[in-house]
Amino acid sequence: MTAPSDVLVVGASAAGLATVEALRRKGYAGRVTVLGAEAHLPYDRPPLSKQVLGGSWLPGQAQLRTPATLSALDTEFILGDPAVRLDAGARTVHTAAGRTLTADAVVLATGLRPRTLPGQDGLAGVHVLRTLDDTLALRTDLAPGRRVVVVGDGVLGAEIAATVCAAGVPVALAGPQPAPLAYQFGPLAAGLLAELHAARGVELRLGSAVTGLAADHGRVAGVRLASGEVLAADVVVVAFGAAPATEWLAGSGVVCDNGVVCDSRCRAADGIYAAGDVARWHHEGLDALLRLENRTNATEQAVAVAGNILGEDRPYMPVPYFWTHQFDARIHVHGTLSADAEVSVVEGDPGEGRFVAQYRRDGKVTGVLGWNMPKQARLRRQDIAGAVLAGRT
Amino acid sequence: MKVTVDEAKCCGAGTCVMLAPDVFDQRDDDGIVILLDEHPGEALHGVVREAASVCPGVAISVSEDA
């Protein structure tokens, strides 16, 4: 296969940028264009819910690359102009501002859009946290004396609650799980997380789904729970999941079903690829369609996509990995965890705040969780790769 | 090539160690990156650039002209 004469990357975040860097690193000399919906140069999302929200970083510190490094990529960045339509057959992207961009290879890296609660649009005091602008708007709203309720007991919601609490603002965390991340981590690690949040002052209002919002004169006043209770709030952060940003691909010719459906090469159609949060590809080792919403996948998948654009023809078969920092807990997860897995502590001691836990199902190691033991957790990846990714070459 | 690392940005993923174990390691106690070789040989340049690009904490910088 010959290399395409030009490549268009739709999405200017981690996956989009990493695609360009990998193309250049692999020697690609053709024309490259990156189209981004936001006006900002590429920035990183994990610090948004931690350092940027907490105020220990200025927004500029979340930038992924300096302007000089970007310029060395010899790439045209078109920012502040969202893609609105794709014609997959012609590999043409139309933008909100009326641009028409065509390339031999197109990479779809448009990420996620946060889920919202009914009635939250236009209501003052209600926030989501996906973009830098979202984060700055939330920070501005965290005025002294206000009480915050975070809706969502997953990674993002728990991180936001920890950051807000550490900043000295009263905060409650609401969601259906018995403890933060319980459906994923299981009782041991989620229980420790609940203890940590409670000990540091987060009010845990878990075990009851959030059904909606209460409002007063155009501003949010509380969060309604399935139990019938209303949690009073001056500020609400809605962080209970996100959906792949694929609306703009309707009628394009690529299949979208909980993400852009791709083959094992991350290819959605001839000359069309997907990378990052938006991509749902066939993982040959697991023999399943997989979509990963984590930072590491954004870059690792981008490298795979760049290689396949250049004719490497390799399946993408990562061991999933993510990390989360909440208060002084630094949690690193390799592979796949589940609440019903058999969990054993293989290093350290949960009582001392440092351990590695191994998760097994049907006798096979599916995942490893490190709690303040990142290196030791990484060294245990080999157990997972062997057991879960048996098809890996 | 000169490699630098920003410990404050390191998230302890260890991606760099998996890619280039001759250039990077992690501290035992907190997983923060240890730079073993700030001037890696030319044979390692490709993999070090990849480590910098895929570092999930954006903690690794590579200066090509040093």
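Computed from a prediction, not measured in an experiment: that's the story for all the values here.

Regarding the overall build of chain B
Helices and strands together make up the secondary structure of chain B, namely 2 helices and 4 strands. Going from N to C terminus, chain B has its helices and strands arranged as β-α-β-β-α-β. A compact globule built from 66 residues should have a C-alpha radius of gyration of about 11 Å, and chain B, at 11 Å, falls within 12% of that. Principal axes of the C-alpha set define a box for chain B whose edges measure 30 × 20 × 15 Å. Taking all 66 residues of chain B together, the buried fraction comes to 47%. For chain B, contacts bridging at least 24 residues in sequence account for 56% of all contacts bridging at least 6. When the accessible surface of chain B is summed, it comes to about 2,900 Å², and 48% of that surface belongs to carbon and sulfur atoms. For chain B, the distance from the average site of its 4 positive side-chain charges to the average site of its 13 negative ones is 6 Å.

Thoughts on the domain arrangement of chain A
Residues and elements named next belong to chain A. According to the domain assignment, chain A consists of domain 1 (6-113 + 243-309), domain 2 (116-240) and domain 3 (328-388). The distance between the C-alpha centroids of domain 1 and domain 2 comes to 29 Å. On the side of domain 2, 15 residues touch domain 1, which itself brings 15 residues to the contact. Across the interface of domain 1 and domain 2, roughly 1,400 Å² is buried in total on both sides, 62% from carbon and sulfur atoms. Interface area lost by domain 1 to domain 2 is led by Leu 48, Ser 49 and Leu 53, which between them contribute 40%. Taken together, domain 1 and domain 2 are joined by 2 salt bridges. For Arg 130, the salt bridge identified is with Asp 277, shortest N-O distance 3.0 Å. Applying the counting rule to domain 1 against domain 2 returns 8 residue pairs in polar contact (both at pLDDT 80 or more). With 3 residues, the single largest contributor to the side of domain 1 that touches domain 2 is helix H2 (residues 51-54).

Remarks on the UniProt feature "domain: FAD/NAD(P)-binding" (unreviewed entry) in chain A
The UniProt record marks residues 6-302 of chain A with the feature "domain: FAD/NAD(P)-binding" (unreviewed entry), using the residue numbering of this structure. Secondary structure over residues 6-302 of chain A splits into 24% helix and 30% strand, and the C-alpha atoms at its two ends are 17 Å apart.

Remarks on the pattern of salt bridges
Applying the stated criterion to the full structure yields 28 salt bridges over all chains. A salt bridge links Arg 205 of chain A to Glu 229 of chain A; the nearest nitrogen and oxygen atoms lie 2.4 Å apart. A residue pair is termed long-range when its members are at least 10 positions apart, and Arg 205 of chain A in strand S12 (residues 203-206) and Glu 229 of chain A in the loop between strand S14 (219-225) and strand S15 (230-232) qualify at 24 residues. Its relative accessible area of 35% is what places Glu 229 of chain A among the partly exposed residues. A salt bridge links Asp 30 of chain B to Arg 27 of chain B; the nearest nitrogen and oxygen atoms lie 2.7 Å apart. Here Asp 30 of chain B falls in the partly exposed class, since its relative accessible area comes to 27%.

So, the sheet that holds S14 of chain A
Residues and elements named next belong to chain A. Strand order in the open sheet formed by 3 strands is S13-S14-S15, with antiparallel pairing between adjacent strands. Looking at which strands have only one partner, the edges of the open sheet turn out to be strand S13 (210-216) and S15. Along the sheet, successive strands turn relative to each other by an average axial angle of 35°, direction set aside. As defined by bridge partners, S14 adjoins S15 across 3 bridges and the pair is classed as antiparallel. Bridging from a neighbouring strand, Arg 224 pairs with Val 230 of S15.

The rules behind these values
Every chain's residues receive numbers from 1 upward, in the order its sequence appears when written. Each chain takes a letter, starting from A, and each ligand takes a number, starting from 1, following the order in which they are written. Reporting of local features is limited, given that this is a predicted model, to residues whose pLDDT is at least 70; pairs of side-chain atoms are given and counted only at 80 or more, and all residues count toward the totals for whole chains, interfaces and linings. In computing side-chain properties, one takes all heavy atoms of the structure into account and sets aside hydrogens as well as water. Put simply, DSSP H or I for four residues or longer makes a helix, DSSP E for two residues or longer makes a strand, and each gets a number counted from the N terminus. Our radius of gyration looks at C-alpha atoms and nothing else; its globule reference is 2.2 Å times the residue count to the power 0.38. Note on classification: 1.4 Å probe, protein chains only; a residue is buried when its accessible area is under 20% of the maximum for its type, exposed when over 50%, partly exposed between these limits. Two residues form a contact once any of their heavy atoms are found within 4.5 Å. Values of accessible area rely on a 1.4 Å probe in the Shrake-Rupley scheme; residue burial ignores everything except the protein chains shown. Under this rule, positive means Lys or Arg and negative means Asp or Glu; His and the chain ends count for nothing. Just so you know, the charge point we use is NZ for Lys, CZ for Arg, CG for Asp and CD for Glu. Throughout, the edges of the domains are those of an automatic or database domain assignment. Buried area adds together the accessible area that both of two parts lose upon being put together, with accessible area traced by a 1.4 Å probe. Here, a salt bridge means any side-chain nitrogen of Lys or Arg that lies within 4 Å of a carboxyl oxygen of Asp or Glu. Counting of polar contacts relies on pairs of N or O atoms within 3.5 Å, with two restrictions inside protein: one atom must be capable of donating a hydrogen and the other of accepting it, and residues adjacent in sequence are counted only when both atoms are side-chain atoms. UniProt positions are given in the numbering used here, feature names are shortened, and annotations may be inferred rather than shown by experiment. In this analysis, strands are considered paired if DSSP registers two or more bridges between them. Working convention: axes come from line fits to C-alpha atoms, limited for helices to the stretch in contact. Angles between N-to-C directions cover 0 to 180 degrees.

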